[in-house]
Amino acid sequence: MNFGLSEEQEMIVETVRAFVETEIYPHENDVERSGIVPPELGDEIRRKCIDLGFYACNFPEEVGGAGLDHLTFTLVERELGRGSLGLTVFFGRPSGILMACEGEQRERYLLPAVRGEKIDALAITEPDAGSDMRGMKCAARRDGGDFVLNGTKHFISHADVADFVIVFAATGEEETPKGIKKKITAFLVDRGTPGFEILKGYDSVSHRGYHNSTLSFTDCRIPEAQVLGEVHRGFEIANQWLYGTRLTVAATCVGRARRVFDMTLPYAAERKQFGKPIGANQGVSFKLADMITEIDAADWLTLAAAWQVDAGRPADRQIASAKLYASEMLARVTDEAIQIFGGMGLMDDLPLARFWRDARVERIWDGTSEIQRHIISCDLLRPLGA
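Note that this is a predicted model, so its numbers are computed, not measured.

Enquirer: Looking at this model, I keep getting lost on the overall build of the chain. Mind explaining?
Expert: Each helix and strand counted, the chain has ten helices and ten strands in total. The C-alpha atoms of the chain give 22 Å as radius of gyration, which agrees with the globular expectation for 386 residues (21 Å, within 12%). On the principal axes, the C-alpha backbone points of the chain span a range of 80 × 55 × 40 Å. When the accessible surface of the chain is summed, it comes to about 18300 Å², and 53% of that surface belongs to carbon and sulfur atoms.

Enquirer: Looking at this model, I keep getting lost on the packing of helix α3 (residues 70-80) against helix α7 (residues 282-310). Mind explaining?
Expert: The geometry of α3 relative to α7 is characterised by a closest axis approach of 8 Å and an angle of 145 degrees between their N-to-C directions. For the pair α3 and α7, the contacting residues are His70, Leu71, Thr74, Leu75 and Arg78 in the first and Asp299, Thr302, Leu303, Ala306, Val309 and Asp310 in the second. Residues belonging to the contact of α3 with α7 are distributed by class as follows: five nonpolar, three polar and three charged.

Enquirer: Help me out: how do you make sense of the pattern of salt bridges in this one?
Expert: Side chains that carry opposite charge are capable of pairing whenever their charged atoms lie near each other. Under the counting rule described, the total for this entry stands at 33 salt bridges. With a shortest N-O distance of 2.7 Å, Arg17 and Glu79 are connected by a salt bridge. One end of the pair, Arg17, is in helix α1 (residues 7-34); the other, Glu79, is in helix α3, and 62 residues separate them in sequence. Given a relative accessible area of 29%, Arg17 falls into the partly exposed group. For Glu230, the salt bridge goes to Arg233, with nearest N and O atoms at 4.0 Å.

Enquirer: What's the story with the pairing of strand β4 (residues 164-176) in this structure? I'm lost.
Expert: Where a strand is regular, its side chains alternate between the two sheet faces. Looking at chain direction, strand β1 (residues 120-123) and β4 are connected through four bridges and run parallel. The residue bridging Leu122 from the neighbouring strand is Ile166, located in β4. Two elements, β4 and strand β5 (residues 179-190), share twelve bridges in a ladder whose sense is antiparallel. Looking at β5, one finds that Val165 is bridged to Val189.

Parameters and conventions
- Residues numbered from 1 in each chain as written.
- Predicted model: local features only at pLDDT ≥ 70, side-chain atom pairs only at ≥ 80, totals over all residues.
- Heavy atoms only, no water.
- Helix = DSSP H or I, 4+ residues; strand = E, 2+ residues; numbered from the N terminus.
- Rg over C-alpha atoms; globule rule 2.2 N^0.38 Å.
- Areas by Shrake-Rupley, 256 points an atom, 1.4 Å probe, with all protein chains shown as cover.
- Axes fitted to C-alpha atoms, helices over the stretch in contact; angles between N-to-C directions.
- Contact = heavy atoms within 4.5 Å.
- Nonpolar A, V, L, I, M, F, W, Y, C, P; charged D, E, K, R; others polar.
- Salt bridge = Lys/Arg side-chain N within 4 Å of Asp/Glu carboxyl O.
- Buried < 20%, exposed > 50% of the residue type's maximum accessible area, 1.4 Å probe, protein only.
- Pairing = 2+ DSSP bridges.

What follows is the structure, given as structure tokens:
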């Protein structure tokens, strides 16, 4: 077993980390205080990322991406996780399901997204449909050659800066072994389409500057040509997308935890109480030992899951395990870091309180910890007929 990175991967890690430290870190405090990323700053980050050759690095070369494999892309996401999400979103990783675009859709949506000319957002979650995707009430009915969409979506990340949205809506029903379930279809909907409004979402304690929006659809007419994939097959497309984003969440959690640890270790070695460094006390040193052990474990679990995907092997359980463990690890590490820093850890002068708050949402979005445990347990029990 070879756990080392290739020379190219080492270079990519160093390049992305340097980008985050020089282009993201200096703006984090301003974004944290204001909750806003100035449009010109977002455009500047996107332009520099394009110049660096990393924009849409998760897409294959044949459509203009860098063609990174899953493992290398996970390394990129791990380094981006060190920075404020409100800023790193402009680094540019369009939704992978845009590869389902066909014909004219490729020219209108896929290729502009890969080139950084358009930004996409995904709209799945609703007030009454989160983990239960098939319970969504946002529905689209056929009307001639169009679909007419009505309903509401919320918690839609970065829709406020998106040029178009990939919307999932119910388009029928089907009988399943678990009863009647809704058929789901994905649609490409442009900002400014009549009947489509992007409204301010909720104020969140996590990831300030990275906004969520509420989307409202009122008799919004969408040509059938803007169906992404096949009618009634949106559930399969969504699952394929979530497959990758959960790996991203795991990776960013590892990156953020390492940044927290990199602040905490030297502090424990330098801060003195009762005439000696606080790190000389087992009450602190054992915390450090547990923190780095958990970070390393989450890191290897995440990279192993990415390797599994690249090897063409089933990886649902491995990805769920990585997302579950890394997101819960980040909560523990940030909490222990604040405990080591004491009262200062909660002051705005340090970013630890921000990391602590940001960590909380990671156990919820892209599939809650409970959903991940469900995936893992089903994978274990299904072969036994349970």
